[in-house]
Amino acid sequence: MKANFIINEVDYCVNLLNFPADITLNTFIREHAQLTATKYMCLEGGCGACICVIRGKHPVTGKLRTWAANSCLTLLNSLVNMEITTSEGIGNKRIGYHPIQKMLAKLDGSQCGFCSPGFVMNMYGLLEAKEGKVTTEEVENSFGGNLCRCTGYRPILEAMKSFAADNTYDMLLDIEELNGKSCKKAGNKCPALQQKPLSRLIYEDESQWFWPKTFEELFDDLSKVRDNEFMFVGGNTAHGVYRRNENIKSFIDINAIRELKTYHIDNEHLTLGANLSLTETMHIFKEAAQRPGFEYCEQLWKHFDLIANVPVRNNGTLAGNISTKKAYMEFTSDVFIIFETLNVQLICYECANKPQVMGLLEYLKLPSKKLLIATFSLQSFPKERYIFQSYKILPRAQNSHAYVNAGFLLEMELETGLVHSARICYGGIRPDFVHATTVEAMVIGQNLFDRETLAKIFHELSIIIQPNDVLPNASPEYRKKLACGLFYKLILNLVPAELVKPEYKSGGELLVRPISSGSQTYEIKKKNFPVNQPVEKLEAIIQCAGEATYMNDTLTTNNSLYCAFVGATRVGAKIVNIDAKEALKMLGVVAFFSAQDIPGRNTFVNERFQWFIPEEIFCSDIVQFYNQPLGLIVAITHDIAHRATTRVRVTYTNIQNQPPKLSLKQILSDNHKIETNVETKTISNIKAGTITAKGIFEMGSQYHFTMEPQTTIAIPFEERLQISSSTQWMDHTQCVIAEMLNIKVNSVQFVVRRLGGGYGAKISRCNQVACAAALAAYKLNRPVRFVQTIESMMNCNGKRWACLSDYEFHASLNGKILSLRNNFYEDAGCSLNENPINLLTNISTLNCYELTSNYQYNGQAVVTDAPSATWCRAPGSTEGIAMTENIMEHIAFETKLDAVSVRLANINPTNKMAQLLPRFIKSIEYHTRKAEIDDFNKRNRWVKCGLGISVMQFNLIFFGQFSATVSIYHCDGTVTISHAGIEMGQGINTKVAQVAAYILGIPLELVNIEATNTVNGANAMSTLSSFGSESLCYAVRKSCNVLNDRLKPVKDSLAKNSTWQQIVATAWQRSINLIASENYKQGDMQNYYIYGLACTEMKVDLLTGNHLIKRVDILEDTGESLNPRIDVGQIEGAFVMGLGYWLTEKLVYNRQTGELLTNRTWNYKPPGAKDIPIDFRIELLQSIPNENGFMRSKATGEPAFCLAVSSIFALQHALQSARDDAGHRKEYIRLGAPTTPEDIVLAAGHEVDMFTLN
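Because the structure is a prediction, the values reported are computed rather than measured. (Residues numbered from 1 in each chain as written. Predicted model: local features only at pLDDT ≥ 70, side-chain atom pairs only at ≥ 80, totals over all residues. Heavy atoms only, no water.)

A.B. asks: I'd like a description of unusual backbone geometry, backed by residues and values.
C.D. replies: Following L471, the chain continues into P472 via a peptide bond in cis, with omega recorded as 10°. P530 follows F529 through a cis peptide bond whose omega is 5°. Looking at the secondary structure, you find P530 in the loop between β18 (517-521) and α19 (540-545). Phi is positive for E206, close to 75°, though the residue is something other than glycine. (Helix = DSSP H or I, 4+ residues; strand = E, 2+ residues; numbered from the N terminus.)

Take a look at the structure:
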């Protein structure tokens, strides 16, 4: 059966029977249309890499409408006769780039570039849907579903806000150009597709797809499903929360049924069609809020705005949300909780002409799966009599499900506080708890503002709210306090000012985030241009247009295969048998491989490379951690491969009775599996101190969260394998593949164009995927594509080394350390590979302080039952600096001194920081701001502010070697460079090109960079630890100097005004070699220090734990920056990634099995666009060249990560005020990584019985 789609104005006539019934738009776009600008990573609508724009007729109005969608969730069959636009379709090098693409590139909104097309298309969809009329507030609010790990979001938001009607940025783009790049099919001109409407398809595997147009057709189709599993297809967004049951074979597309897409409003009721999208519903709420009795719809709009993200809301529907709640009662549905609060009635059908009216709770209890919700009926609640408020408290600003959500509807007299009726509803407590029934009854006839009444209410809430303890949910203690706190927040919001303490009143409001902004300060020296010139990153525009290629964009023949790991599930047990027979019976499964199929060594790391001992590709004996790969399924599609993994049966023996050891705390409690890695320094001449204290400082692990997954494409070619792998270390990956296959190293050749982020995740952890893909390609002699899912990556791959510091200090009253002991432990996971302690952590603990004979440190690596930990942005340095900075804060607390004074007391006067810190404190008006914050905190009980400082002396260590080849083309004098570094967003290619242009004396436009490969880049060190750019620039300069030496005699022989092109042409005619290869080697440059300072100001809601980062100031010593724009971006991105580490990114494991429970975007939360500082100020230290660095510059990729610890010091400041108000004795609060809203509320020290009005 043929169906038509238009993609980028090209008509696709497709036989749907040739594809699976549930094929997604993303799969079709990438694998069949071969349009690779649209990426994917999470496959659940949580990252935004897959966003494209859809255009089609509304079934009711007939008008053409446009919306952004997650192509990974959108089912292809639901888009028949629609038009799809991808980033290639709005702008490219052939037709010219779209203003959005150009502005994002111009304002440095693209680093690794993997996420850039998704941001572009989300903005394009917003402009198209709003006909170009958007405000800066709307724009900044619209990117909750787009994640970026590189940039820190600030430049992205600035680029997008430039298109707002109220923007103040000089766009330098003709507005007519933007209009000209809009859809050519304006108004109601629909794609001209002549096709008979589809009604039903039956597939070879007995799957069915239905397209009913009326209720009658719908129920006729339902009768054909019989008792088989089926689903109504609206937006399919529930798949992003709960993966679709693979037994579903019948799909009923209800998007063309008019009755489900209508709405009606009169004086008494607002009726909403059940298949209205959440976005459509929000538009209706805005309209309804203008009518008497429906003013509460404004609050509904605000609450819906916190549901998921824009593309999900564009496609997800009201009924879909409620149906998901029915199928999964633990789902914290916001639609359910606020509709139940409002006593919304459902009109449902089990056949076409028999409507049933029921409430939501009744609907949830009915067993019938074929009961169709048709409409939702909301009644009028005049604002003179009714108060409606709802809350959703999230772990970050946007795109998260709630810790707790709540809805309160009170019929009451505001002047007297007298309550006539109440509906008090909560989500996130337990699946069986919705109404606070006893409290609803208790408040009737009572004065809500009466002291005794309030005490009874909160006493009763404390009794009846008993949250379940189910991981990875937040603790029951937090959720109970939060639930009670939300009702208290309502009371504080309603109570007349004269009845409440003035300092309590601010607790009644949620924190409101203003529009963010930033400033960047640096100096340039034009004499060095193009070095030191703030030029746009070379690849920026092709990244923003989606033309830049990544590993998974490599096109292969149509006989390519796809892979998925099979994981072990019994930690500590021994594998005795693996049975893949059931998996191999599945249609489309080609092979299963395990350790016994490896012809060479079963290890994906190699001892000849420093920092490594062998780790198995496939577990062959004792299982070291949950989901450790034990085999590989190879199939004809990605989906089939992953479904087949569940059919592999594993037999274990020696099953352990004890739960796995998953944390440092567990291990240290029984002193088990500790490997000592450093010598202990002896403390000598300890002076008696007047202050003595000790503490524990815990820093958890962190997932790298690269936007590009671990990816390898392995292609048999002649007598070798061609590998495209997302690796930061080609040499290592090449070696382990050759040894695994027992073939020569030169039989394995790599090409790496760029990575979609690295941060250390692709130094060695990429090798496991690379080896698995290479094994399958080698064995089957077919191209193999292995793209790890986010669940697989988070389950299998190592993360940041967690750290625990057990310290004790003696200090004088001026804060000077007299003696300090720091025993710290770092979580290695199941092996000691990539141990950072000796190389990085130990030296970093000194920071910039005068710690010599008075400092004793002892670092130990601890082996746990988790994947082997790996380096993650600023490894060792983050932990070392943070430990010492925390100790400085603790000393300041105990001595009652300002933390800045304590730092100054311990900095060696000859250290550069002794001059930088006073200058920084003055420039940011630290003391004035701190006094203002202390005054604010005295005047506010439930909202607090805090100010935190951190300083760093980052050790930049050079090692390894890097080669570079510079080629000049005689025809036109253009230059191509091939180097051994890996471009992954840090701007290495741009800096290399700038250096080449400077040394050769040519325009930057004449230079381009080729992909890295294992011919020109053979034997190179991994691109890591921030030194890659400098090392490669050094190698390129050497190569260019060689070329200059060769060209000098030619230049001297020609006229003085000879052009570069004439010189090169003459040299070629004289047979002068225009290719030069040189390398950087260890010792060519000296190690050096990078200095940095940060001040973070935060505002905290003590009742919820939510916070705003009001302002961040960073001063970083970058020497003479090779490219200030790139370096600013690196600093911002590193700092925001650090904010995620300290504030939001929490890894939670099943304590009994060792399974990671936070393994996807649904439950692991890196920062989003509205989690960044509201006021973000970056200054590059002026006029201080680095004599040891390349051309007087310094590295910037990692150091600023270490400064983000200032955020928890700001929280410490705020929480100390909170604990003072709560009557607690003074004690230093143990905050660590991460300090989540849960930790903030539990540390604030209040109890529910403190929820009073005076």
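A.B. asks: For the sheet that holds strand β16 (residues 404-413), give the residues involved together with the corresponding values.
C.D. replies: Strand order in the open sheet formed by three strands is β15-β16-β17, with antiparallel pairing between adjacent strands. Strands at the two margins of the open sheet, each flanked by one partner only, are β15 (386-393) and β17 (418-427). The average angle at which neighbouring strand axes cross in this sheet is 10°, direction not considered. Alignment of β15 against β16, held across eight bridges, turns out to be antiparallel. Residue pairing for β16: Q389 is matched across the bridge by F408. (Pairing = 2+ DSSP bridges. Axes fitted to C-alpha atoms, helices over the stretch in contact; angles between N-to-C directions.)

A.B. asks: Let's hear about the sheet that holds strand β37 (residues 1012-1013): which residues, and what values?
C.D. replies: The eight strands lie next to each other as β21-β22-β19-β29-β26-β27-β28-β37, forming an open sheet whose pairing is mixed. With one partner strand each, in any of the chains shown, β21 (589-594) and β37 form the two edges of the open sheet. Strand direction decides the pairing type here: β21 and strand β22 (residues 629-635), joined by five bridges, are antiparallel. Considered in β22, the bridge of A591 is made with V634. Seen against the sheet, helix α23 (residues 730-741) touches β27 (720-725), β28 (748-752) and β37 and runs at an angle of roughly 150° to β28. (Contact = heavy atoms within 4.5 Å.)

A.B. asks: Just give me the short version of the state of the cysteines, but keep the residues and values in it.
C.D. replies: Working definition: the covalent bond between the sulfur atoms of two cysteines is a disulfide. Enumeration over the complete set of coordinates arrives at zero disulfides. Looking at C42, it has no disulfide partner, and the nearest cysteine sulfur is the one in C47, 3.7 Å off. Counting only cysteine sulfurs, C1202 is the nearest neighbor of C803, a cysteine outside any disulfide, at a range of 13 Å. Take C803: its relative accessible area is 1%, and that puts it in the buried class. (Disulfide = S-S within 2.5 Å. Buried < 20%, exposed > 50% of the residue type's maximum accessible area, 1.4 Å probe, protein only.)

A.B. asks: Requested: an account of the pairing of strand β12 (residues 345-349), with residues and values cited.
C.D. replies: Most of β12 sits out of view: four of its five residues are buried. Note that β12 and strand β14 (residues 372-379) share five bridges and pair antiparallel. Bridging from a neighbouring strand, I347 pairs with T375 of β14. Taken together, the five bridges between β12 and strand β13 (residues 355-359) define a ladder with antiparallel strand orientation.

Spatial relationships are all this shows, so hold off on functional conclusions.
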